[in-house]
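Per-entry structural report
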Amino acid sequence: SYFQQMLRSHNETDRHELESNKFIRNSIYYLDMIKWTKYFNMSSIFVVNGEQFIKSPWIELQRLERFLNVSSYINESHFHFDKSKNFYCINEASI
């Protein structure tokens with residue numbers, strides 16, 4: 001992917017492009033990703049989609065289950081939307 005190419009490249013132009021991406025810049029993930037990709041293939045690194053995790057955490061956790069090649073367990077019924085916090089929380093009875 002484009003992101004993977006950017007991580008593997010260490011030239012100033014590419015780093016500038018990474019820094020201009022507000023999600024990457026705000027998290028400064030690219031600094032860690034550059035280090036990690038020296039030792040691990042991107043196929044061994046799971047990157048959480050934070051926006052998806054906030055909107056539908058079970059979907060992102062299902063992606064993680066597939067990535068880890070474990071039995072499917074997580075589903076929407078494991079969560080409830082907490083109106084006071086304005087995001088999904090895990091149902092304690094489901095764990």
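Quick look at the structure, then. It should be emphasised that the depicted structure is a prediction, and the values quoted were computed from it without experimental measurement. Sequence order as written defines the numbering, with residues in each chain counted from 1. Local features are withheld for residues below a pLDDT of 70 in this predicted model, meaning they are given only at 70 or higher, and side-chain atom pairs are given and counted only at 80 or more; totals for whole chains, interfaces and linings count all residues. Derived side-chain values reflect all non-hydrogen atoms in the structure, with water molecules and hydrogen atoms excluded from consideration.

**Remarks on the overall build of the chain**
Operational definition: To qualify as a helix, a DSSP run of H or I must reach at least 4 residues; to qualify as a strand, a run of E must reach at least 2; elements of each kind are numbered from the N terminus. Exposure classes here rest on a 1.4 Å probe applied to the protein chains alone. A residue is buried below 20% of its type maximum, exposed above 50%, and partly exposed in between. Contacts are residue-level and defined by heavy atoms, with any inter-residue pair within 4.5 Å sufficient. Methods summary: accessible areas were calculated by the Shrake-Rupley approach with a probe of 1.4 Å, and residue burial reflects only the protein chains presented.
Scanning the chain from N- to C-terminus turns up six helices and two strands. Across the chain, helices and strands are ordered from the amino to the carboxyl terminus as α-α-α-α-α-α-β-β. Sorting the 95 residues of the chain into buried and exposed places 24% on the buried side. Long-range pairs, those at least 24 residues apart, make up 19% of the contacts in the chain with a sequence separation of at least 6. About 7,300 Å² of surface is accessible on the chain, with carbon and sulfur atoms providing 54% of the total.

**Some words on the pattern of salt bridges**
Heads up, the rule is: We define a salt bridge as a contact between a side-chain nitrogen of Lys or Arg and a carboxyl oxygen of Asp or Glu at a distance within 4 Å.
All chains considered together, the criterion is met by one salt bridge. With a closest N to O distance of 2.2 Å, Arg-63 and Glu-60 form a salt bridge. Placement of the pair is Arg-63 and Glu-60 together in helix H6 (residues 57–68), with a separation of three residues, close to one helical turn.

**Notes on a nonpolar patch on the surface**
Short version of the rule: Patches draw on residues past 30% relative accessible area with no salt bridge. Two like charges within 9 Å are joined, as are two nonpolar side chains (Val, Leu, Ile, Met, Phe, Trp, Tyr) within 5 Å.
Together, Trp-36, Tyr-39 and Phe-40 make up a nonpolar patch on the protein surface, roughly 410 Å² of accessible area in all. Its place among the elements puts Trp-36 in helix H4 (residues 29–39). Trp-36 sits in the partly exposed class, given a relative accessible area of 39%.

**Some words on the environment of Phe-46**
The residue Phe-46 is located in the loop between H4 and helix H5 (50–55) in this model. Remark: the alpha-carbon pair of Phe-46 and Leu-68, spanning 22 residues in sequence, is separated by 8.9 Å. When near neighbours in sequence (up to four residues on either side) are disregarded, Phe-46 contacts Glu-60, Arg-63, Leu-64 and Phe-67.

**Looking at the environment of Pro-57**
For Pro-57, the location among the structural elements is in helix H6. For Pro-57, a relative accessible area of 3% translates into the label buried. Excluding residues within four positions of it along the chain, Pro-57 makes contact with Gln-52, Phe-79 and Tyr-88.

**Examining the packing of aromatic side chains**
Let me state the cut-off plainly: Aromatic rings from Phe, Tyr and Trp, with only the six-membered ring used for Trp, were paired whenever their centres fell within 6.5 Å, and each pair was classed as stacked if the ring planes differed by under 30 degrees, edge-to-face if by over 60, and tilted otherwise.
Under the defined criterion, the tally for this structure stands at four aromatic pairs. Between the aromatic rings of Trp-58 and Phe-79, the centroid separation amounts to 6.0 Å while the plane-to-plane angle is 45°, which identifies the pairing as tilted. Taken together, the positions of Trp-58 in helix H6 and Phe-79 in strand S1 (residues 79–82) put the pair 21 residues apart, joining distant regions of the chain. Take Trp-58 and Phe-79: they sit in the same class, and that class is buried. Ring centres of Phe-81 and Tyr-88 lie 5.1 Å apart, and the angle between their planes is 75°; on these two criteria the pair is classed as edge-to-face. Taking the relative accessible area as the measure of exposure, Phe-81 reaches 39% and is therefore partly exposed. Tyr-88 gets classed as partly exposed once you look at its relative accessible area, which sits at 25%. One aromatic cluster is present, built from ring pairs that chain together Trp-58, Phe-79, Phe-81 and Tyr-88.

Keep in mind these numbers describe shape, not what the thing actually does.
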